[in-house]
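Here is what each chain is made of, one letter per residue.
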Amino acid sequence: MVKPVLVAVAAVLHVAAALDVFHRGVHPDLDEQPFSLRGQLLLDDDTLAFTQSPSFSSDLYSFAQTLKELNLDNDRASYQVALDRSASWEISSVKFCYLAQPFAENLILHKSLADSMPYTLDYFVSPIPKDGSCPKTFWVDSSRAGPINTTISLRPRHFPPLPELRTPPPLTPQGEPVQPPEEKSFFQKYWMYIAAVLIALTLSGGAPEEEGARRQA
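Residues numbered from 1 in each chain as written. Predicted model: local features only at pLDDT ≥ 70, side-chain atom pairs only at ≥ 80, totals over all residues. Heavy atoms only, no water.

A. Molecular detail of the overall build of the protein. Within the protein, the regular secondary structure consists of 2 helices and 8 strands. In the protein, which comprises 217 residues, the share counted as buried stands at 24%. Considering only intrachain contacts with a sequence separation of at least 6, the fraction spanning at least 24 residues in the protein is 61%. In the form shown here, the protein has an accessible surface area of approximately 16,300 Å², with 57% of it arising from carbon and sulfur atoms. (Helix = DSSP H or I, 4+ residues; strand = E, 2+ residues; numbered from the N terminus. Buried < 20%, exposed > 50% of the residue type's maximum accessible area, 1.4 Å probe, protein only. Contact = heavy atoms within 4.5 Å. Areas by Shrake-Rupley, 256 points an atom, 1.4 Å probe, with all protein chains shown as cover.)

And the structure:
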């Protein structure tokens, strides 16, 4: 009698990891404000999907209005984007005034080789004036606040290439570098050949004179 064999099939459910991204405006003449939610990032096998927070544009506009009402210098204000890593905030920042014009943003997330979750980030916007100056005006209303394009990339951690090291010079027993032998002059190198040529010329020049003297006698 053949006994039935029960085969258990385990279904592996892959759940995408969610990561919250935060932001805030900062000015040295204002009290430091807490971070607010910028959006949520979903990571699924290196596939990225980012959902903006509904309050993103209004947060930018509100901070710009605060700077205007208090007549604060826009050039000293910063815009910070951060990851909450429990132990510490990983922050990247740009000048807040660069967000006043139509801009594209680039969010680069860095992950380690052992962990798929990002551990830090870099935030860039473009274009930026060549002289680094700030625009004179900000948005008219909150509907115009925000990027025209958002690029998010995930980069694994990598190590820089090792430097090419030269072979150390040989040392004497006293620990000093061995000096190369002094280079010989042209005469020191080829004196034997020069002497041989001179001897040959001397011998070949004396024979005809001796023969002529014998004929006269």
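B. Broad picture of the nonpolar core. Membership of the largest hydrophobic core comes to 32 residues, with the highest contact counts inside it found for Leu 60, Tyr 79, Phe 96, Leu 99, Tyr 123 and Trp 139. Elements supplying a minimum of two residues to this core: strand E1 (17–26), strand E2 (36–44), helix H1 (56–69), strand E4 (78–84), strand E6 (104–111) and strand E7 (118–126). With 5 residues, H1 is the largest single contributor of residues to this core. Apart from the residues within four sequence positions on either side, Leu 99 is in contact with Leu 60, Tyr 79, Val 94, Val 125 and Trp 139. (Core = buried A, V, L, I, M, F, W, Y, C linked by side-chain atoms within 4.5 Å.)

C. Representation of the environment of Ser 78 in the model. When you line up the elements, Ser 78 lands in strand E4. Residues Ser 78 and Lys 95, 17 residues apart in the sequence, show an inter-C-alpha distance of 4.4 Å. The contacts of Ser 78, once residues within four sequence positions are left out, are Arg 24, Gly 25, Val 26, Phe 63, Val 94, Lys 95 and Phe 96.

D. Here's a closer look at the sheet that holds strand E3 (residues 47–52). Here 5 strands make up an open sheet; going across it, the order is E3-E2-E1-E4-E5 and the pairing antiparallel. Both outer strands of the open sheet, E3 and strand E5 (89–95), are each paired with one neighbouring strand and no more. With direction set aside, neighbouring strand axes in the sheet form an average angle of 25°. Taken together, the 6 bridges between E2 and E3 define a ladder with antiparallel strand orientation. Residue pairing in the sheet places Gln 40 in a bridge with Thr 51 of E3. Sitting on the sheet, H1 touches E1, E2, E3 and E4, and the angle it makes with E1 is about 15°. (Pairing = 2+ DSSP bridges. Axes fitted to C-alpha atoms, helices over the stretch in contact; angles between N-to-C directions.)

E. Representation of the environment of Pro 177 within the structure. One can find Pro 177 in the loop between strand E8 (149–156) and helix H2 (186–216). Not counting residues up to four positions away in its chain, the partners in contact with Pro 177 are Pro 170, Leu 171 and Thr 172.

F. Local environment of the packing of aromatic side chains. Under the counting rule described, the total for this entry stands at 5 aromatic pairs. Here a set of aromatic residues connected by ring pairs shows up, and it is made of Phe 63, Tyr 79, Phe 96 and Tyr 123. Over the ring of Phe 35 we find Arg 24, and its NZ or CZ is 4.0 Å from the ring centre. (Phe/Tyr/Trp six-rings, centres within 6.5 Å; stacked < 30°, edge-to-face > 60°. Lys NZ or Arg CZ within 6 Å of the ring centre and 35° of its normal.)

G. Local environment of the pattern of salt bridges. Tallied over the full model, the rule gives 4 salt bridges. The partner of Asp 29 in a salt bridge is Arg 76, with the nearest N and O atoms 3.2 Å apart. With Asp 29 in the loop between E1 and E2 and Arg 76 in the loop between H1 and E4, this pair connects stretches of sequence that are 47 residues apart. Taking relative accessible area as the criterion, Asp 29 reaches 48% and is therefore assigned partly exposed. (Salt bridge = Lys/Arg side-chain N within 4 Å of Asp/Glu carboxyl O.)

H. A look at the pairing of E1. Strand direction decides the pairing type here: E1 and E2, joined by 7 bridges, are antiparallel. Following the sheet pairing, Ala 17 is matched in E2 by Leu 43. Where E1 meets E4, 6 bridges bridge the pair, whose relative direction is antiparallel. Following the sheet pairing, Val 21 is matched in E4 by Leu 83.

I. Fine view of the sheet that holds E7. Here 3 strands make up an open sheet; going across it, the order is E7-E6-E8 and the pairing mixed. Taken across any chain shown, the strands that pair with only one partner, and hence form the sheet edges, are E7 and E8. Direction aside, the axes of adjacent strands within the sheet are offset by 20° on average. Sheet topology places E6 next to E7; 8 bridges connect them, and they run antiparallel. Note that in E7 the partner of Asn 106 across the bridge is Phe 124.

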